[in-house]
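Listed below, chain by chain, are the residues.
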Amino acid sequence: MNILVINAGSSSLKYQLLDTDSGEVMAKGLCERIGIDGVLTHTGNKSDEKFKFDIAMPTHKEAIQSVIDVLLDPEKGVISSMSEIDAVGHRVVHGGEFFSDSVIITEKVLKAIEDCVPLAPLHNPPNLIGIQACRDVMGPDVPMVAVFDTAFHQTMPEKAYMYAIPYKYYDQYKVRKYGFHGTSHRFVSKETIKFLGLDPENSKVIVAHLGNGSSISAVVNGKCVDTSMGLTPLEGLVMGTRSGDLDPAVLEFICKKENMDVSEMVRILNKESGLLGLSKGLSSDFRDLNEASENGNPDAKRAIDCLCYRIVKYIGSYVAAMNGVDAIAFTGGIGENAALVRKTVVDNLSYLGITLDEEANKARGEDKVISTPDSKVTVAVIPTNEELAICQETAELVKNQK
Ligand code: ADP
């Protein structure tokens, strides 16, 4: 089966065409500046060459049309007819309490995604527009699947997802912890169990997804029991530009001092905080900070120290939450590549009987155990692949429907 995976943002749209049998990426690319002018960057599997086109994209519909056109292009394309696309998998950010799994998109599903817009006002609307644009361009007969960032975390127990605030806010507005990056946490926890030969029905795994946005989850017997992101992706770890956890009273304190409203403050917590804020604006990108820190920059060092310390604390709290742990998996751009972060974190887990295998920790971008064989808990690098996960979940649903 060939599955088109779509990740639609407000002015951009990422796509991949994957072959489910081989797992091969047949083509991938990105539409940018939708609603402004429009740029399409495309790579097919016939060569590594990247093609860049200026194409008018007043709306997502023209963006999807240009993706189909380039996939069908006799030279740069990889298929000869639209019928070679068997299904489309859409990344959808928020499924609220409606969806604990991926689903075939129907009118009822679209309505439920719309009902979740208040929970993700910046993300769900473009996701919906992407789905509608695909329908318009590809017709009603191509099956489409929604794969939610929140779904994997729906197994969290009440004690983990409730905030200790008046219950009416949950009752009336569904204010609670939802968690995000669920597609990655599901994929990586499954892969960890498989790679390490753990018993899927008797396993405790912690997944640290560390990228520009970062989150960590506790997974018992393949089911999520806790995760660090919350009602929105702002809660939890120190991220590229997000603060993660803080005393909520900080908002009022700074707002009063700076004569700011709360929306502006939340924007600062999302866009100007985290590594960027801690490094006094130096960078939100770990590689830049690592280089600066190696050259003695104290602001970069502070940011990296805070990042690692928060991860260590979360791992400790999830070991406590699960009353033990069998494996810890690092994933995401930082988790897969930043040996320094893994070393700093693992060196602080000696109380769990874990020792880092320094040689193995040089690993990049492959499934690899980085703890020594005598460690009581196994630590591994397990690269994530959200597009492949969306493709697999889409294929499974569509096959079962037939
Ligand atoms: P996103 O959350 O946007 O998907 P990624 O998972 O791609 O982000 O992660 C981006 C982060 O990973 C950045 O901070 C970047 O510096 C870091 N990163 C990417 N490659 C490397 C590398 N080779 N070494 C260290 N850090 C890296």
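What you see is a predicted model; the values in this text were computed from it and never measured.

## A word on the overall build of the protein chain
Counting secondary structure elements, the protein chain contains 14 helices and 14 strands. In the protein chain, which comprises 402 residues, the share counted as buried stands at 51%. Accessible area for the protein chain stands at about 18,800 Å²; split by element, carbon and sulfur atoms hold 51% of it. Charge separation in the protein chain, taken as the distance between the mean sites of 41 positive and 55 negative side-chain charges, equals 4 Å.

## Some details on the site of the ligand
Surveying the vicinity of the ligand reveals the residues Gly-211, Asn-212, Gly-213, Asp-285, Phe-286, Arg-287, Gly-332, Gly-333, Ile-334, Asn-337 and Arg-364. Measuring from an oxygen atom of the ligand, one finds a backbone N or O atom of Asn-212 at 2.9 Å. Here an oxygen atom of the ligand sits 3.3 Å away from a polar atom, N or O, in the main chain of Ile-334. Contact with the protein chains removes 69% of the 580 Å² of surface that the ligand exposes when unbound. Among the elements of the structure, α10 (286-294) and α12 (332-337) are those that each provide at least two residues to the shell around the ligand. A breakdown of the residues in the shell around the ligand according to their chemical character gives two nonpolar, six polar and three charged.

## Re the environment of Lys-108
Counting through the fold element by element, Lys-108 comes out in helix α2 (residues 107-115). Note: C-alpha distance between Lys-108 and Ser-22 (86 residues apart in sequence) is 33 Å.

## Observations concerning the sheet that holds strand β1 (residues 2-8)
The sheet built from eight strands is open, its strands ordered β5-β4-β3-β2-β1-β6-β8-β7 with mixed pairing. In this open sheet, the two edge strands, each paired with only one partner strand, are β5 (50-54) and β7 (103-104). Bridging between β1 and strand β2 (residues 13-19) involves seven bridges; their strand directions are antiparallel. The partner of Ile-3 across the bridge, within β2, is Leu-18.

## Structural notes on the side chain of Asn-361
Mapped onto the secondary structure, Asn-361 falls in the loop between α13 (339-347) and β13 (368-369). For Asn-361, a relative accessible area of 3% translates into the label buried. At 3.1 Å, the side chain of Asn-361 and the backbone oxygen of Ala-339 are in polar contact. In this structure Asn-361 touches Ala-339, Arg-342, Lys-343, Leu-356 and Ile-370, once residues within four positions along its chain are discounted.

## Here's the deal with the sheet that holds strand β12 (residues 327-331)
Here we have six strands laid out as an open sheet, ordered β11-β10-β9-β12-β14-β13, and mixed in their pairing. Bordering the open sheet on either side are β11 (223-227) and β13, each of which pairs with just one other strand. Relative to strand β14 (residues 378-381), β12 is paired through four bridges, and the arrangement is parallel. Directly across from Ile-328, in β14, lies its bridge partner Val-379. Contacts from α13 reach β9 (204-210), β12 and β14, with the element oriented near 160 degrees to β12.

## Some remarks on the state of the cysteines
The final tally for this structure, using the stated rule, is zero disulfides. Free of any disulfide, Cys-224 has its nearest cysteine sulfur in Cys-116, 17 Å distant.

## Observations regarding helix α11 (residues 298-322)
Residues that lie three or four places apart on an α-helix share one face, since the helix turns once every 3.6 residues. With 25 residues, α11 ought to run about 36 Å at 1.5 Å a step, and its terminal C-alpha atoms sit 36 Å apart, in line with that. Where α11 begins, the capping side chain belongs to Asn-297, and its oxygen is found 2.8 Å from the backbone nitrogen of Asp-299. With its phi angle positive at about 55 degrees, Asn-323 sits one or two positions after the end of α11.

## Examining helix α8 (residues 262-271)
Along α8, the positions that sit buried rather than exposed are Met-265, Ile-268 and Leu-269. Buried residues of α8, seen end-on, are gathered within an arc of 100 degrees and therefore sit on one face of the element. Of the exposed residues in α8, the ones pointing more than 90 degrees away from its buried face are Ser-263 and Lys-271. Looking at the buried residues of α8, the elements they touch are α7 (249-258).

## Considerations on the pairing of β2
The buried fraction of β2 amounts to six of the seven residues, a majority that puts the element mostly inside the structure. The turn joining β1 and β2, which pair antiparallel and follow one another in sequence, is formed by four residues. The loop that links β2 with its antiparallel partner strand β3 (residues 25-32) comprises five residues; one of these, Gly-23, has a positive phi angle of about 75 degrees.

## As for the packing of aromatic side chains
Taken as a whole and assessed by the stated rule, the structure comprises seven aromatic pairs. Ring centres of Tyr-167 and Tyr-170 lie 5.5 Å apart, and the angle between their planes is 65 degrees; on these two criteria the pair is classed as edge-to-face. Considering the side-chain rings of Tyr-169 and Tyr-173, the 6.4 Å spacing of their centres and the 15 degrees angle between planes classify their relative orientation as stacked. Placement of both Tyr-169 and Tyr-173 in helix α5 (residues 168-173) is noted, with a separation of four residues, approximately one turn of the helix. Three or more aromatic residues link up through ring pairs in this structure, and these residues are Phe-98, Phe-99 and Phe-148. Lys-76 extends its terminal NZ or CZ atom over the ring of Phe-51, reaching a point 5.5 Å from the ring centre.

## Things to note about the pattern of salt bridges
What the rule picks out here adds up to 19 salt bridges. Put simply, Arg-176 and Glu-97 hold a salt bridge, and the shortest N to O gap is 2.8 Å. Residue Arg-176 is found in the loop between α5 and α6 (182-196), and its partner Glu-97 is found in the loop between β6 (87-92) and β7; the two are separated by 79 residues along the sequence. Note on Arg-176: relative accessible area 2%, which makes it buried.

Quick notes on the rules
Residues numbered from 1 in each chain as written. Predicted model: local features only at pLDDT ≥ 70, side-chain atom pairs only at ≥ 80, totals over all residues. Heavy atoms only, no water. Helix = DSSP H or I, 4+ residues; strand = E, 2+ residues; numbered from the N terminus. Buried < 20%, exposed > 50% of the residue type's maximum accessible area, 1.4 Å probe, protein only. Areas by Shrake-Rupley, 256 points an atom, 1.4 Å probe, with all protein chains shown as cover. Lys, Arg positive; Asp, Glu negative; His and termini not counted. Charge placed at Lys NZ, Arg CZ, Asp CG, Glu CD. Near = heavy atom within 4 Å. Polar contact = N/O pair within 3.5 Å; in protein donor to acceptor, adjacent residues only side chain to side chain. Nonpolar A, V, L, I, M, F, W, Y, C, P; charged D, E, K, R; others polar. Pairing = 2+ DSSP bridges. Contact = heavy atoms within 4.5 Å. Axes fitted to C-alpha atoms, helices over the stretch in contact; angles between N-to-C directions. Disulfide = S-S within 2.5 Å. Expected span 1.5 Å × (residues − 1). Arc of directions from axis to C-beta. Phe/Tyr/Trp six-rings, centres within 6.5 Å; stacked < 30°, edge-to-face > 60°. Lys NZ or Arg CZ within 6 Å of the ring centre and 35° of its normal. Salt bridge = Lys/Arg side-chain N within 4 Å of Asp/Glu carboxyl O.

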